[in-house]
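Below are the chains, spelled out letter by letter.
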Amino acid sequence: NAGVTQTPKFRILKIGQSMTLQCTQDMNHNYMYWYRQDPGMGLKLIYYSVGAGITDKGEVPNGYNVSRSTTEDFPLRLELAAPSQTSVYFCASSLLPHGTANTGELFFGEGSRLTVL
Amino acid sequence: SQKIEQNSEALNIQEGKTATLTCNYTNYSPAYLQWYRQDPGRGPVFLLLIRENEKEKRKERLKVTFDTTLKQSLFHITASQPADSATYLCALRNSGYSTLTFGKGTMLLVSP
């Protein structure tokens, strides 16, 4: 199992450009998440999905869009890049968080470092 | 407002000592709390979960306590090693919600 795979690992964008961060998982997890991590600020939830076709906003969704057409894939789209979107982006997945049978742990990808100039 | 607070200053300890990291929360009713380890340039990795009705959990050299009255979790690493040096994040899932909220993390530095 590869786990959670994110591409690209690094990207530099100009202000106003668009791009998509790709995320795929091979663990058949229902839940998928996108977080951003800024220095000293911790992980902030951008969007999440509880299954194919269902997405919901997190704490900081402005400037981003997502889709979930399959269980495996959860791409994050930046439409008009702004310097404030310079960050490290992490995709994660988990089984259903409820119940005593599982820990609800998140499995993270290695991150995508995005710089907007 | 809701807050999850971890010591922002790095914790420096000597090899062999016990490291204790703190996670305090405000205005949450956690269903459970998790601890993750994050190495530089890597994604966080899950370590332990403790549920609201549990006081303590252990895994090898790791121990987590959870005090819902004090609204605090403590994370202990006994017999610490330089390889334990990393940033440790606490995260909690609020009752009735399906997502985790993370603290900012505390960096642990274990010197030989």
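Rules used throughout
Residues numbered from 1 in each chain as written. Chains lettered and ligands numbered in written order. Predicted model: local features only at pLDDT ≥ 70, side-chain atom pairs only at ≥ 80, totals over all residues. Heavy atoms only, no water. Helix = DSSP H or I, 4+ residues; strand = E, 2+ residues; numbered from the N terminus. Rg over C-alpha atoms; globule rule 2.2 N^0.38 Å. Buried < 20%, exposed > 50% of the residue type's maximum accessible area, 1.4 Å probe, protein only. Areas by Shrake-Rupley, 256 points an atom, 1.4 Å probe, with all protein chains shown as cover. Lys, Arg positive; Asp, Glu negative; His and termini not counted. Charge placed at Lys NZ, Arg CZ, Asp CG, Glu CD. Disulfide = S-S within 2.5 Å. Phe/Tyr/Trp six-rings, centres within 6.5 Å; stacked < 30°, edge-to-face > 60°. Pairing = 2+ DSSP bridges. Axes fitted to C-alpha atoms, helices over the stretch in contact; angles between N-to-C directions. Contact = heavy atoms within 4.5 Å. Buried area = accessible area lost by both parts, 1.4 Å probe. Salt bridge = Lys/Arg side-chain N within 4 Å of Asp/Glu carboxyl O. Polar contact = N/O pair within 3.5 Å; in protein donor to acceptor, adjacent residues only side chain to side chain. Nonpolar A, V, L, I, M, F, W, Y, C, P; charged D, E, K, R; others polar. 1 Å grid on protein atoms, 1.4 Å probe; cavity = no way out; pocket = protein on both sides within 12 Å on 5 of 7 lines; lining within 4 Å. Points joined across faces, edges and corners; volume = space filled by probe spheres on them.

**Q** Can you help me understand the overall build of chain B in this one?
**A** When its secondary structure is counted, chain B shows zero helices and 11 strands. Here chain B has a C-alpha radius of gyration of 13 Å; the compact-globule value for 112 residues is 13 Å, and the two agree. Along the three orthogonal principal directions, the C-alpha set of chain B runs to about 45 × 30 × 20 Å. Here chain B, with 112 residues, has 47% of them falling under the buried criterion. Put simply, chain B shows about 5700 Å² of open surface, and 46% of that area lies on carbon and sulfur atoms. Distance between charge centroids for chain B: 3 Å, based on 14 positive and 10 negative side chains.

**Q** Can you walk me through the state of the cysteines in this structure?
**A** The term disulfide refers to a covalent linkage connecting the sulfur atoms of a pair of cysteines. Counted under the stated rule, the structure contains two disulfides over all chains. Each sulfur of the disulfide joining Cys23 of chain A and Cys91 of chain A lies 1.8 Å from the other. With the S-S bond torsion at -75°, the cross-link from Cys23 of chain A to Cys91 of chain A turns out left-handed. Residue Cys23 of chain A is found in strand β3 (residues 19-25), and its partner Cys91 of chain A is found in strand β9 (residues 87-94); the two are separated by 68 residues along the sequence. No difference in accessibility class separates Cys23 of chain A from Cys91 of chain A, as the two residues are buried. Between the sulfur atoms of Cys23 of chain B and its disulfide mate Cys90 of chain B the distance is 2.0 Å. In this structure, the disulfide formed by Cys23 of chain B and Cys90 of chain B twists by about 60° around the S-S bond and is classed as right-handed.

**Q** Sorry if this is basic, but what is going on with the packing of aromatic side chains here?
**A** Pairs of aromatic rings are described using the distance from one ring centre to the other and the angle between the two planes. In this structure the tally under the stated criterion is 13 aromatic pairs over all chains. Residues Tyr35 of chain A and Phe102 of chain B carry aromatic rings whose centres are separated by 5.4 Å and whose planes lie at 85° to one another, so their mutual orientation is edge-to-face. Taken as a pair, Tyr35 of chain A in strand β4 (residues 31-38) and Phe102 of chain B in strand β10 (residues 100-102) lie in two separate chains rather than in one. Across the pair, Phe102 of chain B and Tyr35 of chain A agree in class, each one buried. Among the aromatic residues, ring-to-ring pairing joins Tyr31, Tyr33, Tyr35, Phe90 and Phe108 of chain A together with Tyr36, Phe46 and Phe102 of chain B into one connected group.

**Q** Honestly, the sheet that holds strand β8 (residues 76-78) of chain A in this entry has me stumped. Any pointers?
**A** Backbone hydrogen bonds hold the strands of a sheet together, and the pairing may be parallel or antiparallel. Residue and element names in this part refer to chain A. Strand order in the open sheet formed by four strands is β1-β3-β8-β7, with antiparallel pairing between adjacent strands. Each of the sheet's edge strands pairs with one partner strand only, and the pair in question is β1 (4-7) and β7 (64-66). Taking the axes of each pair of neighbouring strands and ignoring which way they run, one obtains an average angle of 20° across the sheet.

**Q** In this structure, what is going on with the sheet that holds strand β3 (residues 19-26) of chain B? I would like to understand it.
**A** All names here are of chain B. One open sheet holds the five strands; their spatial order is β1-β3-β8-β7-β6, and the pairing between them is antiparallel. With one partner strand each, in any of the chains shown, β1 (3-6) and β6 (56-59) form the two edges of the open sheet. On average, each strand axis in the sheet is inclined to that of its neighbour by 15°, with strand direction left out of account. Where β6 meets strand β7 (residues 62-67), four bridges bridge the pair, whose relative direction is antiparallel. Bridge pairing links Glu56 to Thr65 in β7.

**Q** So what exactly am I meant to see when it comes to the interface of chain A and chain B here?
**A** How big an interface is tends to be stated in terms of the accessible area lost upon association of its parts. Contact residues are listed per partner, giving 23 residues for chain A and 20 residues for chain B. Summed over both partners, the interface of chain A with chain B comes to about 1700 Å²; 53% of that surface belongs to carbon and sulfur atoms. Joining chain A to chain B, the criterion identifies one salt bridge. A salt bridge links Arg42 of chain B to Glu110 of chain A; its shortest N-O distance comes to 2.4 Å. Counting the contacts that link chain A with chain B gives five residue pairs in polar contact (both at pLDDT 80 or more). Tallied by class, the residues present in the side of chain A that touches chain B amount to 11 nonpolar, 10 polar and two charged.

**Q** Whenever I open this one, the layout of surface pockets confuses me. Can you help?
**A** If a probe as big as a water molecule is rolled over the atoms, it shows which places are left empty. Residues and elements named next belong to chain B. Here the second largest pocket is characterised by a volume of approximately 170 Å³. If you go around the second largest pocket, the residues you meet are Arg37, Leu47, Lys59, Glu60, Arg61, Leu62, Phe75, Ile77, Asp84 and Tyr88. Residues that form the lining of the second largest pocket fall into these classes: five nonpolar, no polar and five charged.

**Q** What's the story with the pairing of strand β5 (residues 42-51) of chain A in this structure? I'm lost.
**A** Residues and elements named next belong to chain A. Burial analysis of β5 places eight of its 10 residues in the buried class, which makes it a mostly covered element. Taken together, the seven bridges between β4 and β5 define a ladder with antiparallel strand orientation. Looking across to β5, one finds that Tyr33 is bridged to Tyr48. Between the antiparallel neighbours β4 and β5 lie three residues, among them Gly40 with a positive phi of about 70°. In terms of strand pairing, β5 meets strand β6 (residues 54-57) through three bridges, oriented antiparallel. Counterpart to Tyr48 in the pairing with β6 is Asp56.

Keep in mind these values describe shape, not function.
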